[in-house]
Amino acid sequence: MLKTEDNKLLTQTDAGTPMGELFRKYWIPVVNSNEIAEPNGKPLKIKILGEDLLIFRDSEGKVGLVDEKCPHRRTSLSLGINADCGLTCIYHGWKFDVEGNCLDIPSEPAESKMKKAIHLKSYSVQEKNGIIWGYLGPKESEPPFPEFYWMGLPDDQLISERVWQECNYLQVMENDVDYVHAAFLHKALNEQNISSELLSSDLGINPSHPLVKNPPVKQAVENTNYGKRCIGVGVEDEDNFAFMEIHYIFPFYTFPPRMEGEDGMWHAFIPRDDHSTWSWDVQFSHNKPIDGAGQSQRRGLILDENFRKLRNLGNDYEQDRDLMIDGNYSGIRGIANQDHAVTETMGPIVDRSKEHLGTSDLPLIHIRRMLLEQVKGLKKKEKELHEIPLKKLFSCGTVDSKTKTWREAIPLQESFQLGTDKHFEET
Ligand code: FES
Ligand SMILES: [Fe+2]
């Protein structure tokens, strides 16, 4: 449960709000590169942190992330002409480059100095592994680009997806660190023949998988220099436990749990506005080309041209009650679709003053606490993201003897340990 004021503080991210300003200190995935593949192509509207922006690729292939509205009389530049290294407004012909410099104001007299004084708001971008990232904070405090594990993998070992999720970022992110839901929401009722790299089919995860059998798992949350490591320990067999980990990388990135040998997954939860989220999902194979079709099929998100789902709140995510008899627990196809169903039906911003949290909710309690401590300035982080060797970080669970503690079975690498405050909490 959270006080109403704290819930507001955590969930509001427009410019000028405390959390909005905090999030603007981080690099944010904006669109997949292939969405604006062609130089001089159509500019794409994209809303992030409540800001209406436009992203376009100019004639030289450079990418601009700019205010959607023309500084003249605020017409949308999405209708503009993208040619000759700039975007030209179709209303009166004002032209801007990718950095927002005004190149031409043909509607003013030739001797006018006006174009020197005019600037279109623009943000820094970086293109990496087929994703274009943006930095929406003040130029003078732009941090170095973070290097996540999967950025070192070849392109054919990755797939990335961005999806419009119809609720606040925090309830999406809390779902991602919630171990126990997998044993219910994502449970397939019968064993299925699934290739070893894939966590599930579109029905769900096999009943024999450590994430599904023997809930609730024993849990622990460990403080780290990147955020929190959330541990889950389940009974594997008479002699062994399954030890699992979820990495929460402050403020909005995660590596959900995966066992050794399975493809990995990385998420980013970027507020579109306070009532919707760009849910980013990168699936990666550690050592061979990824089965992109298999991954998409099991995630089960069917999207329209605006990245909104065809299975959605309006049609109950196509829940099939016959499927609940011998198919899966939820009656909903697609493991990501199942996640969207439970988070979106909470409403656009869940009223956390009405919750009743139990011991199973330990990880999300810690994530909220960390976000509140940081946004209120109660604690200082030991390191910034770019100072941490994130390339070495991904989730990898293992099966090991019951005689071991979780700290022995899946120790935290030294480079992620805190110098102080080595606190952890268990249930
Ligand atoms: S509104 Fe864009 S040039 Fe006038
Ligand atoms: Fe889930």
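About the criteria used
Residues numbered from 1 in each chain as written. Chains lettered and ligands numbered in written order. Predicted model: local features only at pLDDT ≥ 70, side-chain atom pairs only at ≥ 80, totals over all residues. Axes fitted to C-alpha atoms, helices over the stretch in contact; angles between N-to-C directions. Helix = DSSP H or I, 4+ residues; strand = E, 2+ residues; numbered from the N terminus. Parallel < 35°, antiparallel > 145°, perpendicular 65-115°, else oblique. Contact = placed C-beta atoms within 7 Å. Nonpolar A, V, L, I, M, F, W, Y, C, P; charged D, E, K, R; others polar. Buried ≥ 20, exposed ≤ 12 C-beta atoms within 10 Å, placed from the backbone. Expected span 1.5 Å × (residues − 1). Core = buried A, V, L, I, M, F, W, Y, C linked by C-beta atoms within 7 Å. Domains from an automatic or database assignment. Left-handed = near helix turned anticlockwise from the far one by under 90°. Pairing = 2+ DSSP bridges.

(A) Structural view of the packing of helix 1 (residues 4-11) against helix 8 (residues 362-375). The geometry of helix 1 relative to helix 8 is characterised by a closest axis approach of 10 Å and an angle of 80° between their N-to-C directions. Comparing the axis directions of helix 1 and helix 8 gives the class roughly perpendicular. Contact with helix 1, carried on its side by Asp 6, Leu 9 and Leu 10, involves Arg 368, Leu 371, Leu 372 and Val 375 of helix 8 and no other residues of that element. Broken down by class, the residue content of the contact of helix 1 with helix 8 amounts to five nonpolar, no polar and two charged.

(B) Seen up close, helix 7 (residues 335-344). Of all ten residues that make up helix 7, nine are buried, and the element is covered over most of its length. Those residues of helix 7 that fall on the buried side of the exposure criterion are Ile 335, Ala 336, Asn 337, Gln 338, Asp 339, His 340, Ala 341, Thr 343 and Glu 344. If you follow the buried residues of helix 7, they end up packed against strand 11 (158-165), helix 4 (169-176) and helix 5 (292-299).

(C) Region of the structure containing unusual backbone geometry. Cis geometry marks the peptide bond from Phe 250 to Pro 251; its omega dihedral reads 5°. Take Pro 251: it is sitting in the loop between strand 14 (240-249) and strand 15 (253-255). The phi dihedral of Asp 316 is positive, around 50°, even though this residue is not glycine. On the secondary structure map, Asp 316 appears in the loop between helix 5 and helix 6 (323-326).

(D) Highlighting the environment of Phe 23. Mapped onto the secondary structure, Phe 23 falls in helix 2 (residues 18-23). Separated by 114 residues in the primary sequence, Phe 23 and Gly 137 place their C-alpha atoms 8.3 Å from one another. Apart from residues lying up to four places away in sequence, Phe 23 is in contact with Thr 13, Leu 49, Pro 251 and Phe 252.

(E) Highlighting helix 8. Here helix 8 contains 14 residues, and its C-alpha end-to-end distance of 20 Å stays within 8% of the 20 Å for a straight helix at 1.5 Å per residue. Leu 362, Pro 363, Leu 364, His 366, Ile 367, Arg 368 and Leu 371 are the residues of helix 8 that are buried.

(F) Spotlight on the nonpolar core. Counting residues in each nonpolar core, the largest one holds 92 residues, and the members touching the most others are Ile 28, Val 30, Ile 48, Ile 55, Phe 252 and Ile 270. The element contributing the most residues to this core is strand 14, with seven residues. Each of domain 1 (32-141) and domain 2 (149-426) contributes no fewer than three residues to this core. If near-sequence neighbours (up to four positions away) are discounted, Ile 28 is found in contact with Ile 48, Trp 133, Gly 134, Leu 136 and Ile 270.

(G) Molecular detail of the environment of Glu 191. Examined against the element boundaries, Glu 191 turns out to sit in the loop between helix 4 and strand 12 (218-223). Leave out the neighbours within four places in its chain, and Glu 191 touches Asn 206, Pro 207 and Ser 208.

(H) View of the packing of helix 4 against helix 7. With their axes 10 Å apart at the nearest point, helix 4 and helix 7 run at an angle of 130° to one another. What the angle tells us is that helix 4 and helix 7 run oblique. When the axes of helix 4 and helix 7 are compared, the crossing they make is right-handed. On helix 7, the residues that touch Gln 171, Val 172 and Asn 175 of helix 4 are Asp 339, Val 342 and Thr 343. In terms of residue class, the contact of helix 4 with helix 7 is built from two nonpolar, three polar and one charged.

(I) Summary view of the domain arrangement of the protein chain. Looking at the protein chain, the domain boundaries give domain 1 (32-141) and domain 2 (149-426). On a C-alpha basis, the centres of domain 1 and domain 2 stand 35 Å from each other. On the domain 2 side, the residues contacting the nine residues of domain 1 number ten residues. Its residues assigned to classes, the side of domain 1 that touches domain 2 comprises three nonpolar, four polar and two charged.

(J) Here's a closer look at the sheet that holds strand 9 (residues 122-128). A sheet is described by the order of its strands in space; here six strands give the open sequence 1-10-9-4-3-2, paired in antiparallel fashion. The open sheet has two free edges, formed respectively by strand 1 (27-32) and strand 2 (44-48), since each of these has just one partner strand. On average, adjacent strands in this sheet sit at an angle of 35° to one another, irrespective of strand direction. Relative to strand 10 (residues 131-135), strand 9 runs antiparallel, the two being bridged by five bridges. In the sheet register, Gln 126 faces strand 10, and the bridge partner there is Trp 133.

(K) Quick look at the sheet that holds strand 6 (residues 86-88). Strand order across the open sheet formed by four strands is 5-6-7-8, with antiparallel pairing between neighbours. Edge positions in the sheet fall to strand 5 (81-83) and strand 8 (102-104), since each has one partner strand and no second. Bridge analysis of strand 6 against strand 7 (residues 95-96) gives two bridges, and the strand direction is antiparallel. Across the sheet, residue Leu 87 finds its bridge partner in strand 7, namely Phe 96.

(L) Molecular detail of the environment of Met 265. Mapped onto the elements of the fold, Met 265 is located in strand 16 (residues 264-273). In the structure, Met 265 is positioned ten residues away from Phe 255 in sequence and 5.9 Å away in space, judged by C-alpha atoms. Contacts of Met 265, omitting those with residues within four sequence positions, involve Phe 255, Pro 256, Arg 258, Asp 281 and Gln 283.

(M) Structural detail: the pairing of strand 14. Among the ten residues that make up strand 14, nine are buried, leaving the element largely enclosed by the rest of the structure. Pairing of strand 13 (residues 227-235) with strand 14 involves nine bridges; the strand directions are antiparallel. In the strand pairing of strand 14, Gly 232 is matched with Met 244. A loop of four residues connects strand 13 with strand 14, the two strands running antiparallel in sequence. The pairing of strand 14 with strand 18 (residues 398-401) spans four bridges and is antiparallel. Bridge pairing in strand 18 places Asn 240 opposite Ser 401. With three bridges joining them, strand 14 and strand 15 adopt antiparallel strand pairing. Bridge assignment links His 247 to a residue of strand 15, and that residue is Phe 255. Hairpin connection from strand 14 to strand 15: three residues lie between these consecutive antiparallel strands.

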